[in-house]
Amino acid sequence: MSRRNPLPPPPPTVELRAWPDREALLADRARAMGELSRLSIGVSRLLLLWLTVAGFAVGWSLIGAALAAFEESIEPLSYLFGGIFACIGAACMIPTGVVIGFGIRRDKRVRERLGQWSSLERDPLGDARLRSPGQSLLWFVPSLLLGALGLWMCFAIPATAQPGQETYAEVALLMGLGFILWLTGLIGVAKAVSHYRWAVRLVGAGSPTVAVGGAHT
């Protein structure tokens, strides 16, 4: 977890809760849930995902260039350049892949913490802003288009490849890029749908039991 952008802490346990009234609890709850929602599905998170995946795609493109060099060349110097491209490509793919993995794990922690704060009390009026489809659509629409493009590349490119015109390395490169686009779109669509469904359930959920100032209400 980044020290510059840490997650809001979880709500205190029942024994440690010291809110003087329901309004104070709802104010802290609204601040925490607003920040967690922004960290989960804000525009900056979408841009960060795309930038990270772009780095991964650059690495795969270099791997594809190395495969092309190995496939087409018979000169030792070309094998050397192919090996260099492969090393640089791996140096791009490995760290960006790790970042994507950490991001997925962080998203899971954000969802868990959102659930902890939302279970404190019901606040339909305050939570209505979380149900707004704007942010979910901002994730859903471009992610759907990106995933559709990637899926099309995965099937159309090998189906239309002509022997003697496209090499195996070129087909593998483009199919790999298509798979990266499809997987990125799938992540974005899943986040958008999951967030919106959670927000709808939150606003329509019944009121849980909550302890304010150590007493149950």
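Figured I'd write up the structure that's included with this text. This structure is a prediction, so every number in the text was calculated from the model and none was measured. (Residues numbered from 1 in each chain as written. Predicted model: local features only at pLDDT ≥ 70, side-chain atom pairs only at ≥ 80, totals over all residues. Heavy atoms only, no water.)

On to the pattern of salt bridges. If you walk through the whole model with that rule in mind, you get 6 salt bridges. The shortest N-O distance in the salt bridge between Asp107 and Arg45 comes to 3.9 Å. Separated by 62 residues along the polypeptide, Asp107 in helix α3 (residues 76-118) and Arg45 in helix α2 (residues 43-72) bring together distant segments of the chain. Take Asp107 and Arg45: they sit in the same class, and that class is buried. Here Asp107 makes a salt bridge to Lys191, at a shortest N to O gap of 3.3 Å. (Salt bridge = Lys/Arg side-chain N within 4 Å of Asp/Glu carboxyl O. Helix = DSSP H or I, 4+ residues; strand = E, 2+ residues; numbered from the N terminus. Buried < 20%, exposed > 50% of the residue type's maximum accessible area, 1.4 Å probe, protein only.)

Now for the environment of Phe85. Looking at the element boundaries, Phe85 is found in helix α3. Given the relative accessible area of 33%, Phe85 is considered partly exposed. For the pair Phe85 and Gly59, spaced 26 residues apart in the sequence, the C-alpha separation amounts to 9.0 Å. If sequence neighbours within four positions are ignored, Phe85 has contacts with Leu62, Ala65 and Ala66. (Contact = heavy atoms within 4.5 Å.)

Let us now look at the nonpolar core. Ranked by internal contacts, the top residues of the largest apolar core, which has 16 residues, are Met33, Leu36, Leu114, Trp117, Leu130 and Trp198. Elements supplying a minimum of two residues to this core: α1 (22-41), α3 and α6 (168-204). Setting aside chain neighbours within four positions, we find Leu36 in contact with Leu7, Pro8, Val110, Arg113, Leu114 and Trp117. Counting residues in each nonpolar core, the second largest holds 13 residues, with Ile41, Ile157, Val171 and Leu177 among its members. (Core = buried A, V, L, I, M, F, W, Y, C linked by side-chain atoms within 4.5 Å.)

Here we take up the packing of aromatic side chains. Taken as a whole and judged by the stated rule, the model has 1 aromatic pair. Relative to Trp182, the ring of Phe179 lies with its centre 5.7 Å away and its plane at 40 degrees, an arrangement referred to as tilted. Of the two residues, Phe179 and Trp182 are both situated in helix α6; the distance of 3 residues between them amounts to about one turn of the helix. (Phe/Tyr/Trp six-rings, centres within 6.5 Å; stacked < 30°, edge-to-face > 60°.)

Relative to each other, α1 and α3 sit at 160 degrees, their axes nearing to 10 Å. Considered as vectors, α1 and α3 are oriented roughly antiparallel to each other. Note on packing geometry: the crossing formed by α1 with α3 is left-handed. Together, Asp28, Arg29, Ala32, Met33, Leu36, Ser37, Leu39 and Ser40 of α1 and Arg106, Val110, Arg113, Leu114, Trp117 and Ser118 of α3 make up the contact between the two elements. Here the residues of the contact of α1 with α3 are counted per class, giving 7 nonpolar, 3 polar and 4 charged. (Axes fitted to C-alpha atoms, helices over the stretch in contact; angles between N-to-C directions. Parallel < 35°, antiparallel > 145°, perpendicular 65-115°, else oblique. Left-handed = near helix turned anticlockwise from the far one by under 90°. Nonpolar A, V, L, I, M, F, W, Y, C, P; charged D, E, K, R; others polar.)

Remember that the coordinates give geometry; whether it matters functionally is a separate question.
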